[in-house]
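Residues per chain, in single letters:
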Amino acid sequence: MSNHTPLSNDSVAPSSPEADRDQEQCARRVVCSLKEPTQFLSFWIAIALPFVYLPLLTRGLGDPQVTLTFLLLLALNVFALYIGHGYGE
């Protein structure tokens with residue numbers, strides 16, 4: 001029988017609750033600082049995208065490339081509406 005001892009984690013410094021709290025606050029500040037500009041941009045993209053649809057719709061959706069472009073823009077518009085819906089509240 002060999003004498004195996006479990007490896008210890010002595011070389012890994014334990015994290016303190018204060019360090020974890022500081023890191024969490026920093027992450028929250030970053031998220032909060034990016035939230036408003038992201039909502040602003042998404043809101044106005046959602047407002048402007050329907051104006052891009054007009055030339056596509058006047059060409060008609062018979063061409064597969066135009067149809068694909070229209071559907072991608074529509075999906076982008078839905079995503080922008082979702083992200084920007086809370087802007088200005």
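The structure displayed is predicted, hence computed values, not measured ones.

### So, the overall build of the protein
And step 1. On a plain count of helices and strands, the protein comes out with 2 helices and 0 strands.
And step 2. By residue count, 15% of the 89 residues in the protein fall in the buried class.
And step 3. Sequence-distant contacts, at least 24 apart, represent 64% of the contacts inside the protein between residues at least 6 apart.
And step 4. Taken as a whole, the protein presents about 7700 Å² of accessible surface, with 65% of it coming from carbon and sulfur.

### With respect to the nonpolar core
Inside soluble globular proteins, nonpolar side chains tend to come together where they are buried.
And step 1. Listed in full, the 6 residues of the largest apolar core are Leu49, Tyr53, Leu56, Val66, Phe70 and Leu73.
And step 2. Secondary-structure elements contributing two or more residues to this core are helix H1 (17-59) and helix H2 (64-84).

### Regarding the side chain of Asn77
And step 1. Structurally, Asn77 can be placed in helix H2.
And step 2. Of the residues examined, Asn77 reaches a relative accessible area of 7% and is grouped as buried.

### Topic: the UniProt feature "transmembrane region" (unreviewed entry) in the protein
And step 1. The UniProt record marks residues 38-56 and 68-87 with the feature "transmembrane region" (unreviewed entry), using the residue numbering of this structure.
And step 2. The span residues 38-56 is 100% helix and 0% strand, and its two end C-alpha atoms sit 27 Å from each other.
And step 3. The distance separating the terminal C-alpha atoms of residues 68-87 is 29 Å; by composition the span is 85% helix and 0% strand.

Thresholds, definitions, all that
Residues numbered from 1 in each chain as written. Predicted model: local features only at pLDDT ≥ 70, side-chain atom pairs only at ≥ 80, totals over all residues. Heavy atoms only, no water. Helix = DSSP H or I, 4+ residues; strand = E, 2+ residues; numbered from the N terminus. Buried < 20%, exposed > 50% of the residue type's maximum accessible area, 1.4 Å probe, protein only. Contact = heavy atoms within 4.5 Å. Areas by Shrake-Rupley, 256 points an atom, 1.4 Å probe, with all protein chains shown as cover. Core = buried A, V, L, I, M, F, W, Y, C linked by side-chain atoms within 4.5 Å. UniProt positions renumbered as here; feature names shortened; annotations may be inferred.

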